[in-house]
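Listed here are the chains, written in short residue letters.
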Amino acid sequence: DAGVIQSPRHEVTEMGQEVTLRCKPISGHNSLFWYRQTMMRGLELLIYFNNNVPIDDSGMPEDRFSAKMPNASFSTLKIQPSEPRDSAVYFCASSLWAGKLFFGSGTQLSVL
Amino acid sequence: GESVGLHLPTLSVQEGDNSIINCAYSNSASDYFIWYKQESGKGPQFIIDIRSNMDKRQGQRVTVLLNKTVKHLSLQIAATQPGDSAVYFCAEIQTGANNLFFGTGTRLTVIP
């Protein structure tokens, strides 16, 4: 198994631009999580899907952030418009249940 | 001085020595605990887990100890190697909950 696959690995954009991060979970996993990691706040859960349905999006910081999971093998996290304070590493993780998560390699986002 | 981010505890050990990384968890209802290892530029990687009905679990070169009385978790790494250098996170969850809570992490540096 290739594990959780995220793209792009690095994204540099200008303030105000739309950013779309992509994730392919491990086949067979029914839960998908988006996390953000910064030096200031550590690992923060943004949103959690179960069977493609968003269950808990209380961690999504603002309306500028949105996430979708159109099918069991693909999810996106979109930031529109992006701001410099959104700069962070964004991780996608998948699992069979909420405890044992398998993480992707992350997307390093820099908003200038 | 002004805090500019999370204070990440650090541990430096000589190659070949044993390492002990500690973690205090907050929720007395948590019944499942995981240790993750995060190397530079990568996502957190599952190392070992333990349920609350156990107080010790061993893996390959790693042992996790759980003390529910004082809500303390530790990770022991035997014969530490340079490849063990990373940030180690403990995480806790209560069965049935959606959110795995991560600690702030400990940076382990192995000195050759």
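As a convention, each chain's residues are numbered from 1 in the sequence order in which they are written. To read the labels, note that chains go from A and ligands from 1, taken in the order they are written. Given that this is a predicted model, residues contribute local features only at a pLDDT of at least 70 and side-chain atom pairs are listed and counted only at 80 or more, while totals for whole chains, interfaces and linings are drawn from all residues. Values shown for side chains rest on all heavy atoms present in the structure; no hydrogens or waters enter the calculation.

1. What about the layout of surface pockets?
Cavity means a closed set of points on a 1 Å grid over the protein atoms alone, one where a 1.4 Å probe fits but cannot get out, pocket means an open set with protein on both sides within 12 Å along at least 5 of 7 lines, and lining means a residue has an atom within 4 Å of a point. Grid points are joined across faces, edges and corners, and a volume is the space filled by probe spheres set on the points. In this model, the largest pocket occupies a volume close to 520 Å³. Around the largest pocket sit 25 residues that line it, and A:Gln37, A:Met39, B:Gln38, B:Val87 and B:Arg107 are the ones nearest its centre. Note on conventions: DSSP H or I runs of at least 4 residues are helices, E runs of at least 2 residues are strands, and numbering of each starts at the N terminus. Within the residue set of the lining of the largest pocket, elements represented by two or more residues are β4 (31-38), β9 (88-95) and β11 (107-111) of chain A together with β8 (86-93) of chain B. The leading source of residues in the lining of the largest pocket is β8(B), at three residues. Its residues assigned to classes, the lining of the largest pocket comprises eight nonpolar, 13 polar and four charged. Side-chain classes follow a simple rule in which Ala, Val, Leu, Ile, Met, Phe, Trp, Tyr, Cys and Pro form the nonpolar group, Asp, Glu, Lys and Arg form the charged group, and the remainder, Gly included, forms the polar group.

2. A short note on the environment of A:Asn71
Along the polypeptide, A:Asn71 turns up in strand β7 (residues 65-71). Note: C-alpha distance between A:Asn71 and A:Phe102 (31 residues apart in sequence) is 18 Å.

3. Describing the packing of aromatic side chains
In this scheme Phe, Tyr and Trp rings, the latter by its six-membered ring, pair at centre separations within 6.5 Å, and the angle between planes marks the pair as stacked below 30 degrees, edge-to-face above 60, and tilted otherwise. Applying the stated criterion to the full structure yields eleven aromatic pairs over all chains. Ring geometry for A:Tyr35 against B:Phe102: centres 5.6 Å apart, planes inclined by 90°, an arrangement best described as edge-to-face. Taken together, the residues A:Tyr35 in strand β4 and B:Phe102 in strand β9 (residues 101-102) connect one chain to another. Like A:Tyr35, the residue B:Phe102 is buried in the burial classification. Judged by centre distance (6.1 Å) and plane angle (85°), the rings of A:Phe91 and A:Phe103 are edge-to-face. Pair noted here: A:Phe91 is in strand β9 and A:Phe103 is in strand β10 (residues 102-103), with a separation of twelve residues, a long-range link. Side by side, A:Phe91 and A:Phe103 carry an identical accessibility label, which is buried. Of the aromatic side chains, those joined through ring pairs into one cluster are A:Phe33, A:Tyr35, A:Tyr48, A:Phe91, A:Phe103, B:Tyr36, B:Phe46, B:Phe89 and B:Phe102. Only protein chains enter the accessibility calculation, which uses a 1.4 Å probe; a residue whose area is less than 20% of its type maximum is buried, one above 50% is exposed, and one in between is partly exposed.

4. What to know about the sheet that holds strand β1 (residues 5-7) of chain A
Residues and elements named next belong to chain A. Spatially, β1-β3-β8-β7 is the arrangement adopted by the four strands of the open sheet, whose pairing is antiparallel. The two strands at the open ends of the sheet, each matched to only one other strand, are β1 and β7. With direction set aside, neighbouring strand axes in the sheet form an average angle of 15°. Of the pairings in the sheet, the one linking β1 to strand β3 (residues 19-24) comprises three bridges and is antiparallel in character. Looking at β3, one finds that Gln6 is bridged to Cys23. Pairing between two strands requires that DSSP report at least two bridges joining them. Orientation is described by lines fitted to C-alpha atoms, with helices fitted over the stretch in contact, and by angles between N-to-C directions that extend from 0 to 180 degrees.

5. With respect to the side chain of B:Glu92
Residue and element names in this part refer to chain B. Position of Glu92 among the secondary structure elements: in strand β8. As used in this structure description, the phrase polar contact means that two N or O atoms lie within 3.5 Å; if the pair is within protein, one of them must be able to donate a hydrogen and the other to accept it, and residues adjacent in sequence are counted only when both atoms belong to side chains. Within the local environment of Glu92, its side chain forms a polar contact with the side chain of Ser30, the two groups lying 2.6 Å apart. Every residue pair with non-hydrogen atoms within 4.5 Å of one another is taken to be in contact. Here Glu92 is in contact with Tyr25, Ser26, Asn27, Ser30, Tyr32, Phe33, Asn99, Leu100 and Phe101, once residues within four sequence places are set aside.

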